[in-house]
Amino acid sequence: MTRKTAPSLAAVAILVIATVLYPLPWLVVRDGPQWRFAFPGWQGTTFTLRWMHSVEKEDWEEWFEVTADDAIEITGTRFKTFGAGVPSHAGTETHLEDGWVVMTGIDRVVDPLAVQAAVEEHYRLIFAGHTIPLSRGDPPIILTFSILRVPLWQALPALVRPWLS
C-alpha cells in the first residue's frame, strides 16, 4: 500500500462506517410492526397517496410533505367530484384544474398517518415519480406512515423492497 492510497482507504472506511451507523431520516411505511417500505425522509420530501373513492369511483389524491420537525403534513388534495363528507373548501385555496377540484395550503400535521389500504380502492403511493401499489388481500391492511431516524443498515431491507416488486 502506498502513502497515497492509505488516506483514501481511511476516508472510504470512515464514510462507510458513518453511513451504516449514523441515524438518517426515513419515511417508513409499516404494516403492523413490520417495515414494509422505507424511503429517504429528509425535510421537504414529498409523496402522494392516490386511491379510488369507494362511492364516487373516481381517483382521489392527497399530497404530503416532511416538515423540519420530522413530521408528516398534508399540504393539499385533489378529486373529481364532491361526495358525502367532502368539505367545500380546505386550506388556503380551492380551484378547478383540468377537471379536478384542487385544495392547497392545508398544511396540517397528520403524523403518524394511518391508511386502511383496501384492495377495492386501489391504494398507491407515488414517491419520486414511481407508483407503488399498497393494497393487498382481505381484510384491508392498515398502513402507518411515519418519519424515523435510524441507521441505513436498519432501513435497508424496507428501502430496497419497493424496487424489487
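Per chain, residues are indexed from 1 in the order of the written sequence. Confidence filtering applies because this is a predicted model: local features only for residues at pLDDT of at least 70, side-chain atom pairs given and counted only at 80 or more, and all residues used for totals across whole chains, interfaces and linings. Only hydrogens and water are set aside; all other atoms, that is, all heavy atoms of the structure, feed into the side-chain values.

> Give a detailed account of the pattern of salt bridges, specifying residues and quantitative values.
Salt bridges are counted wherever a side-chain nitrogen of Lys or Arg sits within 4 Å of a carboxyl oxygen of Asp or Glu. Considering all chains together, one arrives at 6 salt bridges under this definition. A salt bridge links Glu61 to Arg50, with the nearest nitrogen and oxygen atoms 2.9 Å apart. In this pair, Glu61 sits in strand S4 (residues 59-66) while Arg50 sits in strand S3 (residues 46-52), placing the two residues 11 residues apart along the sequence. Ionic pairing is found between Asp59 and Arg124, a salt bridge with its closest N-O pair at 3.0 Å. Of this pair, Asp59 sits in strand S4 while Arg124 sits in strand S9 (residues 124-127), and the two are 65 residues apart along the sequence. Salt bridges linked by common partners bring Arg50, Asp59, Glu61, Arg78 and Arg124 together as one network. Runs of H or I in DSSP of at least four residues are treated as helices and runs of E of at least two as strands, each being numbered from the N terminus.

> Give a description of the sheet that holds strand S7 (residues 100-109) that names residues and reports values.
When DSSP finds two or more bridges between a pair of strands, those strands are recorded as paired. In spatial order, the strands read S6-S7-S5-S4-S3-S9-S10; together these 7 strands make up an open sheet with antiparallel pairing. The open sheet terminates on both sides in strands that have one partner only, identified here as strand S6 (93-97) and strand S10 (130-133). Between one strand axis and the next, the sheet turns through 25° on average, direction left out of account. Structural elements are reduced to axes, namely lines fitted to C-alpha atoms, with helices fitted over the stretch in contact, and the angle between N-to-C directions of any two is expressed from 0 to 180 degrees.

> Can you tell me about the environment of Val16, naming the residues and giving the values?
Examined against the element boundaries, Val16 turns out to sit in helix H1 (residues 5-21). Given a relative accessible area of 47%, Val16 falls into the partly exposed group. Sequence-wise, Val16 and Glu120 are 104 residues apart; in three dimensions their C-alpha atoms are separated by 44 Å. To sort residues, take the accessible area from a 1.4 Å probe on protein chains only and compare it with the maximum for the residue type: under 20% means buried, over 50% means exposed, and anything in between is partly exposed.

> Account for the nonpolar core, with residues named and values stated.
Grouping buried Ala, Val, Leu, Ile, Met, Phe, Trp, Tyr and Cys residues that are joined through side-chain atoms within 4.5 Å yields what is termed a nonpolar core. Ranked by size, the top nonpolar core spans 31 residues in total, and within it Phe47, Leu49, Leu125, Leu134 and Phe145 carry the most contacts. Residue contributions to this core peak at 4 residues, all from strand S11 (residues 141-150). By the convention used here, residues are in contact when the closest approach between their heavy atoms is within 4.5 Å. Excluding anything up to four places from it in sequence, Leu49 contacts Trp60, Glu61, Glu62, Phe64, Leu113, Val115, Arg124, Leu125, Leu134 and Phe145. With 9 residues, the next largest nonpolar core counts Trp26, Val28, Val150 and Ala158 among its residues.

> Residues and numbers for helix H2 (residues 152-164), please.
Here H2 contains 13 residues, and its C-alpha end-to-end distance of 18 Å stays within 8% of the 18 Å for a straight helix at 1.5 Å per residue. For H2, the secondary structure elements touched by its buried residues are strand S1 (24-31), strand S2 (34-40), S10 and S11. Expected span, for any helix, means 1.5 Å times one less than how many residues it has.

> Outline the layout of surface pockets, supporting the account with residue identities and numerical values.
In this analysis, the protein atoms alone were mapped onto a 1 Å grid. Cavities are point sets where a 1.4 Å probe fits without being able to get out; pockets are open sets with protein on both sides within 12 Å along at least five of seven lines; lining residues have an atom within 4 Å of a point. Grid points are joined across faces, edges and corners, and a volume is the space filled by probe spheres set on the points. Within this model, the largest pocket holds a volume of roughly 330 Å³. As for the largest pocket, its lining consists of 19 residues, and the residues nearest its centre are Trp60, Glu62, Ile74, Thr77 and Pro87. Elements represented by at least two residues in the lining of the largest pocket include exactly S4, strand S5 (72-79) and S7. Think of it as three bins: nonpolar holds Ala, Val, Leu, Ile, Met, Phe, Trp, Tyr, Cys and Pro, charged holds Asp, Glu, Lys and Arg, and polar takes everything else, Gly as well. The residue inventory of the lining of the largest pocket, partitioned by class, reads 12 nonpolar, 4 polar and 3 charged.

> Pulling in residues and values, what's your account of the environment of Leu113?
Tracing the chain through its elements places Leu113 in strand S8 (residues 113-117). Put simply, Leu113 and Trp42 are 71 residues apart on the chain and 17 Å apart in space, counted from C-alpha to C-alpha. Excluding residues that lie within four positions of it along the chain, Leu113 makes contacts with Phe47, Leu49, Phe64, Leu143, Thr144 and Phe145.

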